[in-house]
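Descriptive structure summary
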Amino acid sequence: MIHAKHSCILSVTLLILFLPGMNSVAAPDAALLYAQYCAECHSADRLGAVGPALLPQNLQRLSKDSAVSVIQNSRPASQMPPFRDILNREQIESLVELIYTPLEQLPPWGMEQILASRIVHHKPGTLADKPLFEADIDNLFVVVELGDHHATLLNGDTFEPIHRFATRFALHGGPKWSENGRYIFFASRDGWISKFDVFNLTYVAEVRAGINTRNLAVSHDGRYVMVANYLPHTLTLLDAKDLRPIKVIEATDGEGHSSRVSAVYTADARESFVVALKDIPEVWEINYADDPPAGFANWVHDYRKDSGDAAANKQFPILRIPVKGYLDDFFLTQEYDRVIGSSRGETSEQGETGQVVDLDLKRSVAKLTLPGMPHLSSAITWQYQDRTVLATPNIKKPEVTIVDMKSWQVIKRIPTKGPGFFMRSHEQSRYAWVDVFFGPNKDLMHVIDKQTLEIVKTLNPAPGKTSAHVEFTKDGRYALVSVWDEDGALVVYDAETLLEVKRLPMKKPSGKYNAYNKLTRSSGTSH
Ligand code: DHE
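Residues numbered from 1 in each chain as written. Predicted model: local features only at pLDDT ≥ 70, side-chain atom pairs only at ≥ 80, totals over all residues. Heavy atoms only, no water.

A few points about the overall build of the chain
A tally of regular secondary structure across the chain gives seven helices and 33 strands. In summary, the chain has a C-alpha radius of gyration of 24 Å against a globular reference of 24 Å for 527 residues, a match within 12%. The principal-axis extent of the C-alpha atoms belonging to the chain is close to 80 × 60 × 55 Å. Here the chain holds 527 residues, and 59% of them are scored as buried. Intrachain contacts of the chain at a sequence separation of at least 6 include 50% that bridge at least 24 residues. Accessible area for the chain stands at about 21,700 Å²; split by element, carbon and sulfur atoms hold 51% of it. (Helix = DSSP H or I, 4+ residues; strand = E, 2+ residues; numbered from the N terminus. Rg over C-alpha atoms; globule rule 2.2 N^0.38 Å. Buried < 20%, exposed > 50% of the residue type's maximum accessible area, 1.4 Å probe, protein only. Contact = heavy atoms within 4.5 Å. Areas by Shrake-Rupley, 256 points an atom, 1.4 Å probe, with all protein chains shown as cover.)

Structure representation (structure tokens):
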């Protein structure tokens, strides 16, 4: 909502009260109210401007009652004023109805709009190639603070913050490190992609790649960024140098059906992006090599080539792999040869919501019995006895599920104190950590012994406050936990003794991401 000047608000209020047909008994005209009070910051088309987009797809995680409260009272660290003295309850409710109503027609968000949104803060090659600060770049963390839409760059040796900076509204998914820790790429739910120069502690470029975005992936060679969108049904390929859009790839099956894109990841060794689709039963592999392997030739997808620059002439061929059902969430194996995916809406009687898709065989090769809602994008793997196991938390069931990655059988269900969101470990640690994100025990954090598959300790970093999302230091000696609260904290634990060593106050810290663990694709963390 807006930051209109008070005099303006008063006159607009009077105008509304005395408009024909607008008195205390007439139903409020939400469109008019929106135009007067909200459009300035959220844009007339509701796609967002300085304020976030106000479309049902972008508001999915906010209940209507909470939306009423946000308009009445504003929210912490927001520039939006409270409207409780300006608009009455009925007017506010009419606005809420309006913003939860889908647009009759979604405005186009293609190459033209994406190009026009791009902001270049610093051209490539204009900033220093040495860090402005002293620290082991490999052991840096970036911590996302959702409470006031900031991020903190943290020294992973001293646990001292190096720099705190504003981010776009509502970041989601893991920010991605690239070029040995020089850059970080962020994605916001409203589609903003931001490139941050760690050495110079500044953003270098930003672009709005979609209207409602899931996540982004950066190619292992640091050349390309691929963005997965729910709105519109597209993938946006960007030049990682300066975030110039190269291609907008429509997520269609060629037979008139289009799809939201569930997520995209990089498969380093294949020089590919791997993509899951939410409304078309296919997994896509999009190759970014200069000489794509022969197998891709027959699969070139008919996407638009409309940026007109040299990179657009390069082929980014797409292999379309049919799968059983729609994949909402997935995990890529360390070898990048298999996708472990799950379909949230489709629980068979046997609870087979998961499947294994072989990227070389180009087909689904196994089913997985994963009831509830496994959170596979947060799954991890490790060596257990003579095999590799995959462990996934579950957003709907109080368990961690351990799967043998050869037979694809569930070998253990570890009961937890509630459903969890994130799971983490490190090659050097004997423990795996999982949060209890949901329910009355949301303040607990379980520590699992990776060889006995038993919970050996349950921590309570801040009683009554959600504790979530762990990430290890480069050497695996320390584990950092979020106290996920407006008045929250980052708690550093000794990963061996499981004792607290430091606590830093933070504003609803969500994820934290260690440069080395991410860049080396540690099996204990998400990629
Ligand atoms: Fe996430 C990562 C999907 C809700 C916080 N989340 C991801 C990824 C996917 C995903 C596919 C991996 C992307 C990546 O890292 O590149 N998330 C979903 C959903 O489908 C779901 C359940 C519903 C939705 O609203 O989209 C969902 N996620 C949430 C939240 O409600 C969370 C807790 C708060 C928020 O920020 O919205 C949340 N998701 C996160 C975080 C990551 C993430 C912090 C990065 C995890 C990591 O360590 O890599």
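Some thoughts on the nonpolar core
What tends to happen in soluble globular proteins is that the nonpolar side chains get buried as a cluster. In terms of nonpolar packing, the biggest core is built from 22 residues, with Phe185, Ile193, Leu216, Val225, Val227, Leu238 and Leu243 touching the most fellow members. Elements with a contribution of two residues or more to this core: helix 5 (111–117), strand 6 (183–187), strand 8 (202–208), strand 9 (212–218) and strand 10 (224–231). With residues up to four places along the chain from it excluded, the contact list for Val227 reads Ile193, Ala209, Thr213, Asn215, Leu216, Thr234, Leu235, Thr236, Leu238 and Val264. (Core = buried A, V, L, I, M, F, W, Y, C linked by side-chain atoms within 4.5 Å.)

Digging into the sheet that holds strand 18 (residues 338–342)
With antiparallel pairing, four strands are arranged side by side in an open sheet as 17-18-19-20. The two strands at the open ends of the sheet, each matched to only one other strand, are strand 17 (329–332) and strand 20 (363–368). Across the sheet, the mean angle from the axis of one strand to that of its neighbour is 25°, orientation sign disregarded. Inspection of the sheet shows strand 19 (residues 354–358) paired to strand 20 by five bridges, in the antiparallel sense. If you follow Asp358 over to strand 20, its bridge partner there is Arg363. (Pairing = 2+ DSSP bridges. Axes fitted to C-alpha atoms, helices over the stretch in contact; angles between N-to-C directions.)

Thoughts on the packing of helix 3 (residues 64–73) against helix 4 (residues 89–99)
Their axes nearest at 9 Å, the elements helix 3 and helix 4 cross at an angle of 125°. Comparing the axis directions of helix 3 and helix 4 gives the class oblique. Crossing geometry of helix 3 relative to helix 4 is assigned as right-handed. For the pair helix 3 and helix 4, contact is made by Lys64, Ala67, Val68, Ile71 and Gln72 and by Arg89, Ile92, Glu93, Leu95, Val96 and Glu97, respectively. Considered class by class, the residues forming the contact of helix 3 with helix 4 number six nonpolar, one polar and four charged. (Parallel < 35°, antiparallel > 145°, perpendicular 65-115°, else oblique. Left-handed = near helix turned anticlockwise from the far one by under 90°. Nonpolar A, V, L, I, M, F, W, Y, C, P; charged D, E, K, R; others polar.)

Quick word on the coordination of the iron atom of the ligand
Exactly one donor from the protein chain reaches the iron atom of the ligand: His172 (NE2), at 2.2 Å. Take His172: it is sitting in the loop between strand 4 (161–166) and strand 5 (176–178). (Donors = N, O, S within 2.8 Å, 3.2 Å for Na, K, Ca; no water.)

Some words on unusual backbone geometry
In this structure, Pro232 follows Leu231 across a cis peptide bond, with omega equal to -15°. Here Pro232 lies in the loop between strand 10 and strand 11 (234–239). Even without a glycine there, the phi angle at His149 is positive, about 55°. Position of His149 among the secondary structure elements: in the loop between strand 2 (140–145) and strand 3 (150–155). In this structure, Arg521 takes a positive phi of about 55° despite not being glycine.

A short note on helix 3
Those residues of helix 3 that fall on the buried side of the exposure criterion are Ala67, Val68, Val70, Ile71 and Gln72. Its buried side turned inward, helix 3 meets helix 4. Following helix 3 by one or two positions, Ser74 has its phi on the positive side, about 70°.

Focus on the site of the ligand
Of all residues adjacent to the ligand, which total 22 residues, the nearest are His172, Lys176, Arg424, His469 and Ser526. In the environment of the ligand, an oxygen atom lies 2.7 Å from a nitrogen or oxygen atom belonging to the side chain of Arg214. A distance of 2.5 Å separates an oxygen atom of the ligand from a polar atom in the side chain of Ser526. At the level of secondary structure, the elements contributing two or more residues to the shell around the ligand comprise strand 9 and strand 13 (261–267). Partitioned by chemical class, the residues of the shell around the ligand number nine nonpolar, seven polar and six charged. Each of domain 2 (110–280 + 282–322) and domain 3 (370–527) gives at least three residues to the shell around the ligand. (Near = heavy atom within 4 Å. Polar contact = N/O pair within 3.5 Å; in protein donor to acceptor, adjacent residues only side chain to side chain. Domains from an automatic or database assignment.)

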